[in-house]
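Architecture at a glance
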Amino acid sequence: MNRLWRSRRVLWLAVLLAFAMIAAACGDSDDSADETTAAPETTAAPETTAAPETTAAPETTAAPTTTAADPGKQYGGEVVVADDQEPPTLNWAVPGGDNFIVSIVGESYWAGVQQINGFTLELDPELVTELPTVGNGGVVINDDGTMTVNYQIRDEAVWSDGTPISGDDLQFTLDIIMDPDLPIDKTTYEDIVATEVGDKTFSYTLSQPSALYELIFSAIFPKHAIEGTDFTTDWNETMWPSAGPFVFDTWQKGEFIKVVRNENYWKTDPETGDQLPYLDSVVFRFIPETESIITAFKGREVDVIQPPPATETIEALQALEPEGAIVEVLSGPVWEHLNFQFGPGRLERNENSANENLNYRKGVAHTIDKDLIVDEILAGQVEPLDSFLEPVTPSISTGAWAQYDYNPETAMEYFETAKSELGVDELFTVFSTTSNNDARVKLSELFVNMFADVGVTYENQLEDSQLFFGETLDNGLWDLGEWAWVGSPGFSGAISLYDLFDPEAPPPDGGNYYRWGTEDSVVIDDNTARFAEIRDLLNQSVDPDELIPLMQEGEQILADQVVIFPLYARLVTAAVWGDEVGGFKHNPTQQGHTWNMEDWYRLDL
Amino acid sequence: MAEPLLNVEDLRTYFSTEEGVVKAVDGVSFKVNAGERRGVVGESGCGKSVTAMSIMRLIEPPAGEIVTGKIEFDGRDLLQLPEAEMQEVRGGEIAMIFQDPMTALNPVYTIGDQLIETILLHQDVSKSEARQIAIGTLADVQIPNAAARMEDYPHQFSGGMRQRVMIAMGLSCDPKLLIADEPTTALDVTTQAQIMTLMLELAEQRNTAVLLITHDLGVVAGFCDTIQVMYAGAIVERGTGDEIFHNPQHPYTWGLLGSMTRLDETQQERLHSVRGAPPSLINPPKGCRFGPRCDFATDICREALPILHQSQEGQRVACHRADELDLKALAIGAAS
Amino acid sequence: MFAYIIRRLVYGIVTLFALSLVVFVLIQFSGGTPLDRLKLNPRMQPVIAQLTEQWGLDKPWYEQYFIWLKNFVTPIDVPSEPGLTVVLFGKLGIRSWVAVAAGVVAIGYSVATFFIRVKANWWRTFRAFSIIGVWVAAFWIAKSRVVFALNWGESFRGDGAVWDNVFGAAGNTFRLGLTALAIALILGIPLGIYQAIKQYSFFDQMGTMLSFITFSTPIFIIGVMLQLILAYQLERWTGVKVFYVAGMTSSGYAELERGLFGLPSLAQWGDVIQHLTLPALSIAAISMAGYSRFQRASMLEVMHSDYLRTAKAKGLPRRTIIVKHALRNALIPIVTLVSLDIAFIIGGAIITESIFGWPGVGRLYIGAINAIDYPTIMAVVMAIGAGVVVMNIVADILYGVLDPRVRYD
């Protein structure tokens, strides 16, 4: 009996001990640096950037967040920002640093030459006194055909350790980007042929005029801190001295990143003259499930969210508005478009493909009911697109696709013409897109009826995104396709979109996946030739008076030839507890919703 | 005559099943005196084990229930005892040994643990004393190297050895009554005799009464003072060993004797046996329950239930025709 | 028994080898490459070319496999300046030393009991748990990277060394999974036992119904419902924040007062419990329902066994009969179930970790799969595979402790 009693005791003790040991060993270690949990990170959406920098987009449903009756912005407090991804690194210049979420967090501690203003969606100077243009003399076209850009750095701009930000830092940033061992995008930077470094000035010369200068140096590195260290290993998990409103505090891997006030921040509130930022700290929390993000927001566990803009999500969030939530639903930079394959691969999908026939393409354009699509997929929150330039640079766009109204009768006339031109009795269309995107699946369902109405034999062949964006896109193996691009702001952004139709740039090295006018294209004509010219001219000028007419001409060619057919821009949404946090303004561009974190303040202190 | 050790009166134990109420024990009365060896014989399902379980009050409601009856043990009615006092009786005053020694011991404790547990429960001794008692009892049941084997688990013993352990466990607290329910059935024939001899010797040394339950008349032959034969939930005949074996009064007893396996049997030919199968205990046949299987049944046997009464020969028997039939002659004829 | 364990480990290694080959081939032939996300951007072509070469993606798959395998088992240098002792003491907190010491003691006991013939139950028990001790110690040593680390490579997503990521996440998954297991055992087994003792009672019937409902509810639904009810609604009703929707600690955790010897203080434990309860419960719920059903059946079987009748006939009180004689026998079958359930709990953790923003292996794994980050995928698969192999051995040994009839040969 005694032994039995003892043995049972020991058994339980052993169980407890085992659990305690495991709990002890599994617990977060005393020094948080040991915590190296990685959290999942959904890779950038397949509709990858046409140009990886930032974008401006028109605001469709604006909800003003800065209340007029301001009780006065007070210092202190913490704001929690939730996102479904975690940055793989905090260094934008190493692999993984191109992830969108890196810039969301990065807004707290990096500064660059310019940033996109969330209210105006225009570029504002940040570290420089004014953005260089041809007009203000900041950009000079040299006689030898090169172009020089001059930056004047603000006198007050300092790093968080007090060191002034100087031209050396820009030069250092350039040197890092051009490091051949770093697998990062070197576009535009690689065209810099000469630089000139001053204490508070920096100028560089590009081998040819290019509007892409607008967006480079959007974040810079502190030479004094990084020089002499191992850039790729030492600066991934900790921030360098901050040039932004906050400095790095903690990164609990898989959970959150916390940043605290930069006491040396150089910026002041233009209205009040107060030293920025107002908040003591900001926490970025990473919660993979949208459902959970919304529950956490409802429970006020997090203050700012930007969930994927599903209709249910928007409705769930709007239901919280009476309690003080502010929900912003905007039209974003991601634009969905229908397109035709002109390469030989189309025949593998549809041996009767009629893509080469312009009247067929025009018929398709009149077949599509964009209003119905927007109603069904976006709950009618925005207007459909009439041009691929609309979401990005509406001031340039002429809305060239407005000529194609939804009209089945017109469509049928075009189809009849196409039939007689092609000498066929029947038209066949095979539609391909990704099967794991609800909106696109719905789109394919809507198309079934639209094409039935105009008497085209229509078939859906949807594919997993991995297959579609892999083999199918690489080899042009589709007939009628649909996916999205991300637009970019300014002239540079608009110009980069023209690369997508460049007859001289087929994949894999170029971006003309449609193979419109490429060597193996079924359509090579005066239009493709002219477009190639326009594309080259666009990349040789920075003068708006030259650029705008060229862009509009190109847009008109693409619309008249129905190379693509823009459908709609995806929504972006953000929500904030407006009764607790002031100063928030969602920025639909890739600048992200944290673009003006320094202006955020708590109302409930 | 002194007060009997055990006095069972009109015990009725019924089980509820989906088909109906099974009257497993239906009006059983008997007495066992101190130190007596009593054999209870009958086919499987005749109620002999249920009788034993009822005495131990191991019938678990709601499935089974003792509906009426009185079980007087050592001057107390066991059916009226509170559970706590009944626990004192179980294992302490009445011990029980079960049929299958392979499964009757808990496989996860050493036999030492299981013995000591019983001793500590019923005797006011220290743990080390209990251990000594346990070793002593194991030695009594002739387990070699008893002290070392205390640490062994049941699976390390053979069937016969395990039954010795069971006997040791039963007798370790010097009970007044030992109920042995088919103690040797699962054992091979040579072991059977050893175990029986050992058990009865030890019981005699301790002056423990034994209620030996078996389906095999051969086992009780020569061991028991009194034998009672059960059939379909009731006692049909009771008498001394001599009476039962040499002068059976009930045709069922006679049938059992005929089918008995005897180690000294020379006769190859079976002259008689009990035909048919035992009756349903849910709807027993009208009249004598043995009637449908009885070679000698008459009209009265089909009409009226015979009660246990003193026969002319001296033993008690429940048969309408007990006095008419000369089963003895038939039995002797069969045997010779 | 040691020969037995060694043989089992050899089988385990062979299994893991086969597992690695199958998974590697599956990743290779499932389409897509880790660089697909860059592909549509024409500007990234030079980057893609550079990374393809750097990661060896242009090599044939078998060559990639052998490179991976070779690296996977190759130790990498661990920092040893300024002297191993200082590094050990500098880097390991008191908790780690407790774990390591327990492991060392456990190994010592195992070796000692191998040479001394001891029959006592507690001795055997300790030996069985020593395996867990060794496992925990090995885990911690691996995590802290003090004694050794293997060259598991860098993540293709740019989030650093796979070794650190996997072991960092594994700690959090253990914390979640073991809490869930503990809840499931502590609630499920007594529930099943009680149901068996009170068979067909109202409580039994209710328990049965609830078990079936819980068992057939997807873990995702359970998680979301717990968040809505216990995190969101409970706070609305009471005005007090009891449980959190997401995360493992509050952002202010580090600022909370520390306990003695650098161990977490009560306030910090409280914060952890506020975050841990809901995800652990949602994983535990299904296992708990399963355990209670299984335990009920197993208990009923034991309750009708011969040796329990013996125990009753000995005059043992009902309590002793159930607790001592019935329970231990009834617990034997569930050991197997629980050890097999470890895999299920890890699977549950994969979903639950995403719902509750828990920084564990599940999140790591989903992220790695989305990015086709195969160094991480392989490492997670191998780590879980190794865990299952070890757990199966532990289960066999535990089985032997509970049931002396089990022999290892």
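Residues numbered from 1 in each chain as written. Chains lettered and ligands numbered in written order. Predicted model: local features only at pLDDT ≥ 70, side-chain atom pairs only at ≥ 80, totals over all residues. Heavy atoms only, no water.

So, the overall build of chain B
Stated formally: What counts as a helix is a DSSP run of H or I of at least four residues, what counts as a strand is a run of E of at least two, and both are numbered from the N terminus. Any residue under 20% of the maximum accessible area for its type is buried, any over 50% is exposed, and the rest in between are partly exposed; the area is computed with a 1.4 Å probe on protein chains only. For accessible areas, the Shrake-Rupley method is used with a probe of radius 1.4 Å. Any residue's cover is judged against the shown protein chains and nothing else.
Secondary structure summary: chain B contains 13 helices and 12 strands in total. Counting only residues that meet the buried cut, chain B has 55% of its 336 residues in that class. Working note: accessible area of chain B is about 14,200 Å², and carbon and sulfur atoms make up 50% of it.

Some details on the domain arrangement of chain B
Residues and elements named next belong to chain B. Stated precisely, the cut-off is as follows: Segmentation into domains, and thus their bounds, comes from an automatic or database assignment. Take the accessible area each of two parts loses on contact, using a 1.4 Å probe, and add the two losses: that sum is the buried area. A carboxyl oxygen of Asp or Glu within 4 Å of a side-chain nitrogen of Lys or Arg is what we treat as a salt bridge.
Looking at the assigned domains, one finds that chain B contains domain 1 (6-224) and domain 2 (230-329). If you average the C-alpha positions of domain 1 and of domain 2, the two centres end up 28 Å apart. With both chains or domains summed, domain 1 and domain 2 bury close to 1,800 Å², and 62% of this area falls on carbon and sulfur atoms. Considering only the surface of domain 1 that becomes buried against domain 2, E43, C46 and L217 emerge as the three largest contributors, covering 31% of it. Put simply, domain 1 and domain 2 have zero salt bridges between them.

Thoughts on the sheet that holds strand β11 (residues 309-310) of chain B
Residue and element names in this part refer to chain B. We apply this condition: Each pair of strands is called paired provided DSSP finds at least two bridges between the two strands.
Read across the open sheet, the eight strands follow the order β6-β7-β8-β3-β9-β10-β12-β11; overall the sheet is mixed. Two strands bound the open sheet, and with one partner strand each, they are β6 (94-97) and β11. In this sheet, strand β10 (residues 234-240) lies alongside strand β9 (residues 226-231) in antiparallel orientation, the contact comprising six bridges. Bridging across to β10, Y231 finds its partner in A234.

What about the packing of helix α12 (residues 306-313) of chain C against helix α13 (residues 318-355) of chain C?
All names here are of chain C. Note the threshold: To get an axis, a line is fitted to the C-alpha atoms, and for a helix only the part in contact is used. The angle between two axes follows their N-to-C directions and goes from 0 to 180 degrees. Relative orientations are named as follows: roughly parallel for angles under 35 degrees, roughly antiparallel for angles over 145 degrees, roughly perpendicular for angles from 65 to 115 degrees, and oblique for any other angle. Put simply, a crossing is left-handed when the front helix is turned counterclockwise from the back one by less than a right angle, and right-handed when it is turned clockwise. Residue contacts follow a heavy-atom distance rule, with two residues in contact if any of their heavy atoms lie within 4.5 Å. Gly counts as polar in this scheme, as do all residues outside two lists: the nonpolar Ala, Val, Leu, Ile, Met, Phe, Trp, Tyr, Cys and Pro, and the charged Asp, Glu, Lys and Arg.
α13 packs onto α12 with a crossing angle of 165° between their chain directions and a minimal axis gap of 11 Å. Considering their axes alone, α12 and α13 lie roughly antiparallel with respect to each other. α12 and α13 meet at a crossing whose hand is right-handed. From α12, Y307, L308, A311 and K312 reach across to α13, where they touch I321, H325, A326 and N329. Residues belonging to the contact of α12 with α13 are distributed by class as follows: five nonpolar, two polar and one charged.

What about the nonpolar core?
Going by this rule: In plain words, nonpolar cores are sets of buried Ala, Val, Leu, Ile, Met, Phe, Trp, Tyr and Cys residues tied together by side-chain atoms within 4.5 Å.
In terms of nonpolar packing, the biggest core is built from 141 residues, with I373 and F447 of chain A touching the most fellow members. Considering every element that reaches this core, the biggest residue donor is helix α11 (residues 266-303) of chain C, with 13 residues. In terms of nonpolar packing, the next biggest core, distinct from the first, is built from 96 residues, A52, F157, V165 and A203 of chain B among them.

Things to note about the packing of aromatic side chains
Which entries qualify depends on this criterion: Between rings of Phe, Tyr and Trp, where Trp is taken as its six-membered ring, a pair exists when centres lie within 6.5 Å; planes separated by under 30 degrees are stacked, by over 60 edge-to-face, and by other angles tilted.
Under the criterion given, the structure shown has 53 aromatic pairs over all chains. Arranged with centres 5.4 Å apart and planes meeting at 65°, the rings of Y109 of chain A and W240 of chain A form a pair that is edge-to-face. Of this pair, Y109 of chain A sits in the loop between α2 (100-106) and β2 (114-116) while W240 of chain A sits in the loop between α5 (231-234) and β8 (246-252), and the two are 131 residues apart along the sequence. Where W152 of chain C meets W163 of chain C, the ring centres are 4.8 Å apart and the plane angle is 70°; that geometry is what we call edge-to-face. Residue W152 of chain C is located in the loop between β2 (149-150) and α8 (162-197), and its partner W163 of chain C is located in helix α8; the two are separated by 11 residues in the primary sequence. When sorted by exposure, W152 of chain C lands in the same class as W163 of chain C, which is buried.

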